[in-house]
Amino acid sequence: MEEIGFVGLGTMGRPMVRRLLAAGHRVVVWNRSRPAVDELAAEGAVPAAEFAEAFDRPVVMSMLADDASLRALLLDGGVLEAARCRVHVNLATVSAAFAAELARLHADRGIGYVAAPVLGRAEVAAAGKLNVLAAGEASALDLARPPLEPLAGRIWELGEDPARANVVKIAVNFLLAGAIEATAEATALVESYGVDAAAFAELLGGTLFPGPVYRGYGGLMAERRYEPAGFTARLGLKDVDLALSAARERELPLPTGSLVRDALLEVLAAGWSERDWATLADLARRRAGL
């Protein structure tokens with residue numbers, strides 16, 4: 001089995017590392033805060049003394065929060081210039097422009113780069129059922145496939161341009177944001193007429209809109225259960241901003257995106273940034289005076 005470096009042990013990173021360990025990989029882990037490293041070390045992972053150590057492994061996987069985090073750790077610190085890995089698999093959602101920049105900088109160093117953002121929450125990661133959206137040069141994808149397989153229900157290969165994988169992930173989250181906002185407004189509407197929100201969520205999920213989005217988020221809204229967050233409002237705003245930024249690059253209007261962005265900004269202004277983004281329902285209730 002390949003030795004893998006893994007950086008970023010947040011809500012998604014930890015179950016991913018556990019899947020890799022269960023598949024027999026030796027995993028060298030790094031995180032800004034030590035407790036997550038110690039937790040996984042007790043389960044068989046090898047702690048890295050510093051971020052750069054992970055990039056000395058043949059394959060390195062990263063699950064960092066955003067463009068700024070990866071830029072600061074990988075580029076500004078000179079880690080990529082000294083890296084000895086064969087391929088870097090970036091599992092995070094970053095901007096299309098940054099994906100293109102990373103692909104170029106890795107190629108300049110002779111290192112493969114694969115964008116592989118994922119669809120699914122932490123419990124899906126723990127079950128190894130994530131949908132992985134992968135793009136990169138064929139040789140890099142060949143190197144990335146073995147460590148991705150323990151994480152994935154399916155790997156969707158989207159071509160050689162890494163930006164494609166990130167744009168698809170951004171587009172999916174954009175659709176999800178719109179669905180959550182519409183569900184929030186609809187929930188506030190029926191509640192204003194005395195309809196039970198839980199019954200409304202069951203109706204949505206059992207008839208016109210089967211699946212996890214309307215039933216799942218409708219249930220969170222009905223119960224006002226926003227913590228612990230599966231996906232925070234702050235991260236939701238980041239991804240809607242990424243969609244708007246990618247659209248601007250193509251001079252493409254996204255009117256719904258602007259509306260949802262403003263709603264998420266209101267959520268942050270209300271002090272709810274670390275709640276699940278289903279908390280848009282409470283914003284809709286507040287607007288309705290409920």
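These remarks concern the structure in this document. These numbers were taken from a predicted model, which means no experiment stands behind them.

Now for the overall build of the protein. When its secondary structure is counted, the protein shows 14 helices and 9 strands. Its C-alpha atoms give the protein a radius of gyration of 20 Å, near enough to 19 Å, the size a compact globule of 290 residues would have. Principal-axis analysis of the C-alpha atoms places the extent of the protein at approximately 60 × 45 × 35 Å. A total of 290 residues make up the protein; the buried ones form 48% of that total.

With that out of the way, let us pick up unusual backbone geometry. Cis peptide bonds are those with omega within 30 degrees of zero, and the linkage from Glu-227 to Pro-228 qualifies with 0°. Along the chain, Pro-228 turns up in the loop between α11 (212-223) and α12 (233-249). We note that Arg-224 has phi near 55°; this positive angle belongs to a residue other than glycine. Mapped onto the elements, Arg-224 comes out in the loop between α11 and α12. With a phi angle near 50°, Glu-251 is a residue other than glycine that sits in the positive phi range. Within the element layout of this structure, Glu-251 appears in the loop between α12 and α13 (255-269).

Here the focus is the packing of aromatic side chains. The description of two aromatic rings rests on the distance between their centres and on the angle between their planes. In the structure shown here, the tally under the stated rule is 4 aromatic pairs. Linked through ring pairs, Trp-30, Phe-51 and Phe-55 together constitute an aromatic cluster.

This next bit is on the packing of helix α6 (residues 96-108) against helix α9 (residues 162-192). For any two helices packed against each other, one specifies the crossing angle of their axes together with the interaxial distance. At a minimum axis separation of 8 Å, α6 and α9 run at an interaxial angle of 160°. What the angle tells us is that α6 and α9 run roughly antiparallel. Like other packed secondary-structure pairs, α6 and α9 cross with a definite hand, here right-handed. Contacts between α6 and α9 involve Ala-96, Ala-99 and Ala-103 on the former and, on the latter, Pro-162, Ala-163, Asn-166, Val-167 and Ile-170. In terms of residue class, the contact of α6 with α9 is made up of 7 nonpolar, 1 polar and no charged.

Spatially, 3 strands are ordered β7-β8-β9 in an open sheet, and the strand pairing comes out mixed. Only two strands of the sheet have a single partner each, and these edge strands are β7 (118-119) and β9 (152-157). Note that strand β8 (residues 130-134) and β9 share 5 bridges and pair parallel. Residue pairing across strands places Ala-134 opposite Glu-157, the latter belonging to β9.

Right, let's talk about the pattern of salt bridges for a bit. Applying the stated criterion to the full structure yields 22 salt bridges. Residue Arg-287 pairs with Glu-181 through a salt bridge whose shortest N-O separation is 3.6 Å. In this pair, Arg-287 sits in helix α14 (residues 280-288) while Glu-181 sits in helix α9, placing the two residues 106 residues apart along the sequence. Here Glu-181 falls in the buried class, since its relative accessible area comes to 8%.

What follows is about the sheet that holds strand β2 (residues 26-30). The 6 strands are arranged β3-β2-β1-β4-β5-β6 in an open sheet whose pairing can be described as parallel. One side of each edge strand has no neighbouring strand; the edge strands of this open sheet are β3 (46-47) and β6 (112-115). In terms of strand pairing, strand β5 (residues 87-90) meets β6 through 4 bridges, oriented parallel. Bridged to Val-87 within β6 is Gly-112. Docked against the sheet, helix α8 (residues 138-148) engages β1 (3-7), β4 (59-62), β5 and β6, running at close to 55° with respect to β6.

Quick look at a nonpolar patch on the surface now. Together, Leu-189, Tyr-193 and Val-195 make up a nonpolar patch on the protein surface, roughly 360 Å² of accessible area in all. Within the fold, Val-195 resides in the loop between α9 and α10 (197-206).

Attention now moves to the packing of α10 against α11. Look at α10 against α11: their axes get within 8 Å of each other, and the N-to-C directions meet at 180°. The pairing of α10 with α11 is recorded here as roughly antiparallel in orientation. Counting all contacts with α10, which are made through Ala-197, Ala-198, Ala-201, Glu-202, Leu-204, Gly-205 and Gly-206, the residues of α11 involved are Tyr-214, Arg-215, Gly-218, Gly-219 and Ala-222. Of the residues belonging to the contact of α10 with α11, the class tally is 6 nonpolar, 4 polar and 2 charged.

Definitions and limits used
- Residues numbered from 1 in each chain as written.
- Predicted model: local features only at pLDDT ≥ 70, side-chain atom pairs only at ≥ 80, totals over all residues.
- Heavy atoms only, no water.
- Helix = DSSP H or I, 4+ residues; strand = E, 2+ residues; numbered from the N terminus.
- Rg over C-alpha atoms; globule rule 2.2 N^0.38 Å.
- Buried < 20%, exposed > 50% of the residue type's maximum accessible area, 1.4 Å probe, protein only.
- Phe/Tyr/Trp six-rings, centres within 6.5 Å; stacked < 30°, edge-to-face > 60°.
- Axes fitted to C-alpha atoms, helices over the stretch in contact; angles between N-to-C directions.
- Parallel < 35°, antiparallel > 145°, perpendicular 65-115°, else oblique.
- Left-handed = near helix turned anticlockwise from the far one by under 90°.
- Contact = heavy atoms within 4.5 Å.
- Nonpolar A, V, L, I, M, F, W, Y, C, P; charged D, E, K, R; others polar.
- Pairing = 2+ DSSP bridges.
- Salt bridge = Lys/Arg side-chain N within 4 Å of Asp/Glu carboxyl O.
- Patch = residues over 30% accessible without salt bridge, like charges linked within 9 Å, V, L, I, M, F, W, Y side chains within 5 Å.
- Areas by Shrake-Rupley, 256 points an atom, 1.4 Å probe, with all protein chains shown as cover.

Such coordinate-based values are descriptive only and should not be taken to indicate function.
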